[in-house]
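# Tertiary structure, described
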Amino acid sequence: MSGHDKKEALLQFAPMQSSVDEGFWHRLSSLKLNKLGIDDSPIPIIGFYAPCSHSLVSNHLTLLAESLPSESSEASLMPEPSRGNRNRCSVPGILYNTNTVESFHALDKHKLLKEEARKIWDDILTGKAVEDCSVLSRFLLISFADLKKWSFLYWFAFPALMLDPPATVVNLRPASQWLSVAEAESLSAACNEWRSSKSTADVPFFLVTIDPNSRATVRLLKDWEACQSDALKILFGFYDPCHLPNNPGWPLRNFLALISLRWNLKSVQFFCYRENRGFADMGLSLVGEASITAPQGWKDTVPNAVGWELNKGKKVPRCISLAQSMDPTRLAISAADLNLKLMRWRALPSLNLSALSSVKCLLLGAGTLGCQVARMLMAWGVRKITLVDNGRVSMSNPLRQSLYTLEDCLNGGEFKATAAVQSLKRIFPAVEAEGIVMAIPMPGHPVNSQEQDSVLEDCRRLHDLIDAHDAVFLLTDTRESRWLPTLLCANTNKITITAALGFDSFLVMRHGAGPFSHAHDLSAETANSSSAEMHKFCVNDADGKHRLGCYFCNDVVAPTDSTSNRTLDQQCTVTRPGLAPIASALAVELLIGILHHPQGIFAEGDINNSVIGATEQPLGILPHQIRGSLSQFSQMTLIGYSSSSCTACCHTVVSEYRNRGIEFILQTINHPTYLEDLTGLTELMKSATSFSLDWDKDIDDDDDDDCVEI
């Protein structure tokens, strides 16, 4: 180390630079939406940096996805630092992510920087910085995440304690010039060994001792006492991310404060460790001698700190937008769930997004109701939708049926089921939608022998579709087309929701559980219903509670052909245009209510409750039926219980279907009165007729008596 020039100069440090991986912003967005909500408390994070590894490029402090805690982390939200990785050392940081851009700009940046500097100062005083030297490189990040635009405003600070007066340096040179050849070779080998050990590879501050035989040893800071020997030369080493030949990197600033405060040294030889292709490079590494003049009593006061990162030479934050670089489909998925995730911040913390995204919905009918229901389901986060319809898009459809356009009407019209699915995927590419072109077999619509095989195949397909889905919407435009799906859903106990339209009125209802549900006592339902025992139309379960009815439970006749001999206005679904969106939205809301109710399909029917907030359920009441009228702008909730004579869901009908299967369905299709005979409705009507005739006869007899007396 001969030939030193003793001229001193102000020691100037190369500022630390930041780099943020895209994955960090994605995890922050997910963490904000799914866990943090409006909580803007500081979040501990981890940053990574490594020694300079190229003579022309400095290494940055980098944030990765793993810099943040995962959503499954405990309440402490502490990420796990990686240890033993020679390519990066972990340093602690703190993140202040604000809820608004105004809050970001209003942050007291001077105060925040001073708070982090105090932590470093306290760690030095207590000795923690000697045990865990990574705390000397603490950093601070403030940010605002605009999750609607996928843009992020952020600003880093790397707090550095200011020495007053500043440190000066003597002869900062490459290590290969400071050291003898033997010392340089020994130090290079010792550093490579230090970097290869899992226990020390990522320890960024260390001691170097060189004995009289030019043998270098790298030690931990806590070994300071063992290094005290006149025979040993001591260098204070650190991983230097800077590549500049005349300036040490930013970590040295706090290291010098530690050395001065902890060991009261006035002159320090420091070693800026740098690499080339993963190995120690004594030509790129620097050695210098710093002079420190600590003022009297400076241990009693936290020194001033600097460290806000400059943006193109100015003290302003940075901004990054990921919207352009992200795949449009990925952006669509993130944006689609934004409203739902924001609901969980304050309005609805119990919202179960996984249940919504996994539920499989079958929509029978892709007309006015089907289009609206599909759109509403997607808005609620439902991603698995199947539409069934055998009609084609006509010129009158696009104005009322929101999934179709004029192009779908050309050349005879696309099949509605197919066109609807294509439209859904254009709206939201991640939707798992399927269109099935098929007719629904209907009672009262007899089939000849040539059509029989096709109809039976449709029955089997409908059975398989219902079996493969969790919820079924009955959205067809005839009563009889709802019968077979109602029966199949009652048999398999599927969530079933009906929406039906009049001209200015609507009905939306959820069907009750099927008669063979494990939660109900079926002994209460009789195989046949006596016409005189009208109370049997309400069937109790084992707990004495009524089983909710289906769409057909209030009927006293079987569904029959309602499509023949109809005028044009009867052939089309003539309704006020606002009716279908209202009914469709309510139908989907019923499904969401069922999925979030602790009793699910077995939930009792609620009615309007005038006391706001009286219900215990976060989504409010869960009605059985909703009937509305646009002519009166009114809406009411009703409860209708299951009927033991129901032609679709009673024990008798479901049992007959289980026993006879397709043969039973074929008989109901070809013989309009079969269902009425089976369920006792025929006897009911005979009894009613007989009662009416007897009553009329009694009146006639009384009149005759009066005449005789006169």
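Cut-offs applied
- All residue numbers here refer to positions counted from 1 along the written sequence of the relevant chain.
- The predicted origin of the model limits local features to residues at a pLDDT of at least 70 and limits the giving and counting of side-chain atom pairs to 80 or more, whereas totals for whole chains, interfaces and linings rest on all residues.
- As a rule here, side-chain values cover all heavy atoms of the structure and leave hydrogens and water aside.
- Segments assigned H or I by DSSP are reported as helices when at least four residues long, segments assigned E as strands when at least two residues long, and all are numbered from the N terminus.
- Summary of the burial criterion: residues with accessible area below 20% of their type's maximum are buried, those above 50% are exposed, and those between are partly exposed, where the area comes from a 1.4 Å probe applied to protein chains only.
- We call two residues in contact when some of their heavy atoms are within 4.5 Å.
- Reported accessibility uses the Shrake-Rupley method at a 1.4 Å probe radius. Residues are deemed covered only where the shown protein chains occlude them.
- Any carboxyl oxygen of Asp or Glu within 4 Å of a side-chain nitrogen of Lys or Arg constitutes a salt bridge here.
- Throughout, nonpolar core names a set of buried Ala, Val, Leu, Ile, Met, Phe, Trp, Tyr and Cys residues whose side chains join them through atoms within 4.5 Å.
- We call two strands paired when DSSP finds no fewer than two bridges between them.
- Angles here are taken between N-to-C directions and fall from 0 to 180 degrees, while the axes themselves are lines fitted to C-alpha atoms, restricted in helices to the stretch in contact.
- Here a patch means residues that are over 30% exposed by relative accessible area and free of salt bridges, tied together within 9 Å if like-charged and within 5 Å if nonpolar (Val, Leu, Ile, Met, Phe, Trp, Tyr).
- Each polar contact in these results corresponds to two N or O atoms within 3.5 Å; when the atoms are within protein, one needs to be able to donate a hydrogen and the other to accept it, and residues that are neighboring in sequence are counted only if both atoms are side-chain atoms.
- For classification purposes, an angle smaller than 35 degrees is called roughly parallel, one larger than 145 roughly antiparallel, one from 65 to 115 roughly perpendicular, and anything else oblique.
- Take the far helix as your reference; a near helix turned counterclockwise from it by less than a right angle gives a left-handed crossing, and one turned clockwise gives a right-handed crossing.
- Put simply, Ala, Val, Leu, Ile, Met, Phe, Trp, Tyr, Cys and Pro go in the nonpolar bin, Asp, Glu, Lys and Arg in the charged bin, and everything else, Gly too, in the polar bin.
- Here a cavity means grid points, on a 1 Å grid over the protein atoms only, where a 1.4 Å probe fits yet cannot get out; a pocket means an open set of points with protein on both sides within 12 Å along at least five of seven lines; lining residues are those with an atom within 4 Å of a point.
- Grid points are joined across faces, edges and corners, and a volume is the space filled by probe spheres set on the points.
- Ring pairs shown here join Phe, Tyr and Trp side chains whose ring centres sit within 6.5 Å, with only the six-membered ring taken for Trp; geometry is labelled stacked below 30 degrees between planes, edge-to-face above 60, and tilted in between.
- What a helix is expected to span follows from its residue count: subtract one and scale by 1.5 Å.

## Considering the overall build of the protein
- Along its length, the protein carries 20 helices and 25 strands.
- Each of the 710 residues in the protein was classed as buried or not, and the buried ones make up 51%.
- In the protein, the share of contacts with a sequence separation of at least 24, taken over all contacts with a separation of at least 6, comes to 74%.
- Roughly 32,900 Å² of accessible area belongs to the protein as shown, and the carbon and sulfur atoms make up 51% of that amount.

## Let's talk about the pattern of salt bridges
- Across all of its chains, the model carries 13 salt bridges by this definition.
- Linking Glu275 and Arg195 is a salt bridge whose minimum nitrogen-to-oxygen distance equals 2.7 Å. Pair noted here: Glu275 is in strand S13 (residues 275–276) and Arg195 is in helix H6 (residues 181–196), with a separation of 80 residues, a long-range link.
- For Glu275, a relative accessible area of 4% puts it in the buried group.
- Across the pair Glu432 and Lys384 runs a salt bridge whose closest N-O atoms are separated by 3.7 Å. Taken together, the positions of Glu432 in strand S20 (residues 432–436) and Lys384 in strand S19 (residues 384–388) put the pair 48 residues apart, joining distant regions of the chain.
- When its relative accessible area of 47% is taken as the criterion, Glu432 is described as partly exposed.
- With relative accessibility at 22%, the residue Lys384 sits in the partly exposed group.
- Among the charged side chains, a network of salt bridges with common partners joins Glu656, Arg660 and Glu663.

## A closer look at the nonpolar core
- Ranked by internal contacts, the top residues of the largest apolar core, which has 94 residues, are Phe255, Leu256 and Phe271.
- In terms of residues, this core owes the most to one element, helix H7 (residues 251–263), which gives eight residues.
- Each residue touching Phe255, except ones within four places of it in the same chain, is listed here: Leu136, Phe205, Phe206, Leu221, Phe236, Gly237 and Phe238.
- Counting residues in hydrophobic clusters, the runner-up holds 53 residues, among them Val359, Cys361, Trp380 and Leu579.

## Concerning the sheet that holds strand S15 (residues 286–291)
- Ordered in space as S1-S8-S15-S12-S11-S9-S10, the seven strands form an open sheet in which the pairing is mixed. Strand pairing shows two members of the sheet lacking a second neighbour, strand S1 (8–10) and strand S10 (216–219), which therefore form its edges. Across the sheet, the mean angle from the axis of one strand to that of its neighbour is 35°, orientation sign disregarded.
- Examined bridge by bridge, strand S12 (residues 267–273) and S15 share six bridges and lie antiparallel to one another. Each bridged residue has a counterpart across the sheet, and for Phe270 the counterpart in S15 is Gly288.
- Sheet strands touched by H6: strand S9 (205–210), S10, strand S11 (233–239) and S12. Its angle to S10, the strand with the most contacts, is close to 30°.
- The sheet strands contacting H7 are S9, S11, S12 and S15, and the helix crosses S11 at an angle near 140°.

## Re a nonpolar patch on the surface
- A contiguous nonpolar surface patch, about 310 Å² in accessible area, is contributed by Met395, Leu406 and Leu410.
- Looking at the element boundaries, Met395 is found in the loop between S19 and helix H12 (416–427).

## Some points on the side chain of His624
- With respect to the secondary-structure elements, His624 resides in the loop between helix H16 (579–596) and strand S24 (625–629).
- Judged by relative accessible area, His624 falls into the buried class, the value being 0%.
- Within the structure, the side chain of His624 is placed 3.0 Å from the backbone oxygen of Gly549, a separation counted as a polar contact.
- In this view, His624 contacts Val508, Met509, Arg510, Leu548, Gly549, Gly605, Asp606, Leu638, Ile639 and Gly640; residues no more than four positions away in its chain are not counted.

## Here we look at the packing of helix H13 (residues 449–468) against helix H14 (residues 483–492)
- Where H13 contacts H14, the two axes come as close as 10 Å, and the packing angle between them is 45°. As summarised for this structure, H13 and H14 are arranged oblique, according to the angle between their axes. Where H13 crosses over H14, the handedness of that crossing is right-handed. Where H13 abuts H14, its residues Cys459, Leu462, His463, Ile466 and Asp467 lie against Leu484, Pro485, Leu488, Cys489 and Thr492.
- Residues of the contact of H13 with H14, tallied by class, amount to seven nonpolar, two polar and one charged.

## A few points about the layout of surface pockets
- Considered as a void within the structure, the second largest pocket measures approximately 420 Å³ in volume.
- Contributing to the lining of the second largest pocket are 19 residues, with Gly307, Trp308, Glu309, Leu310 and Lys315 lying nearest its centre.
- Only helix H3 (109–126), strand S7 (151–161) and strand S16 (305–308) provide two or more residues apiece to the lining of the second largest pocket.
- Among the elements that take part in the lining of the second largest pocket, S16 stands out by supplying four residues, more than any other.
- Residue classes in the lining of the second largest pocket are distributed as ten nonpolar, five polar and four charged.

## Quick word on the pairing of strand S8 (residues 168–174)
- In terms of strand pairing, S1 meets S8 through three bridges, oriented antiparallel. Looking across to S8, one finds that Leu10 is bridged to Thr168.
- The pairing of S8 with S15 spans five bridges and is classified as antiparallel. Each bridged residue has a counterpart across the sheet, and for Pro174 the counterpart in S15 is Leu286.

## Comments concerning the packing of aromatic side chains
- Applying the stated rule across the entire model yields 22 aromatic pairs.
- Pairing Trp155 with Trp308 gives two aromatic rings, centres 5.2 Å apart and planes at 55°, and the pair type is tilted. In this pair, Trp155 sits in strand S7 while Trp308 sits in strand S16, placing the two residues 153 residues apart along the sequence. Neither Trp155 nor Trp308 differs from the other in exposure class; each is buried.
- By the ring-pair criterion, three or more aromatic residues cluster together here, those being Phe24, Trp25, Phe139, Trp150, Phe152, Tyr154, Phe156 and Phe158.

## Concerning the packing of H13 against helix H18 (residues 662–670)
- Contact pair H13 / H18: the axes reach a minimum separation of 11 Å and the direction vectors enclose 120°. Taken as axis vectors, H13 and H18 run oblique relative to one another. Here the hand of the crossing between H13 and H18 comes out right-handed. Only Ile662, Ile665, Leu666 and Ile669 of H18 make contact with H13, whose side of the interface consists of Gln452, Val455, Leu456, Cys459 and Arg460.
- Taken together, the residues that form the contact of H13 with H18 break down as seven nonpolar, one polar and one charged.

## So, H13
- The end-to-end C-alpha distance of H13 is 30 Å, a good match for the 28 Å that 20 residues give at a rise of 1.5 Å each.
- Those residues of H13 lying buried are Val455, Leu456, Asp458, Cys459, Leu462, Leu465 and Ile466.
- Here the buried face of H13 lies against strand S18 (360–364), S19, S20, strand S21 (471–474), H14 and H18.
- Where H13 begins, one side-chain oxygen reaches toward the backbone nitrogen of Gln450, 3.1 Å away; that side chain belongs to Asn448.

## Observations regarding the sheet that holds strand S22 (residues 495–501)
- If you trace the eight strands from one edge of the open sheet to the other, you get S20-S19-S18-S21-S22-S23-S24-S25, paired in mixed fashion. Sheet topology places S20 and strand S25 (634–638) at the edges, where each strand pairs with a single neighbour. Within this sheet the neighbouring strands show an average axis-to-axis angle of 15°, counted without direction.
- Where S18 and S21 come together, four bridges link them in parallel fashion. Across the sheet, Leu363 pairs through a bridge with Phe473, a residue of S21.
- Against the sheet, H13 contacts S18, S19, S20 and S21, and its axis sits at roughly 145° relative to S18.

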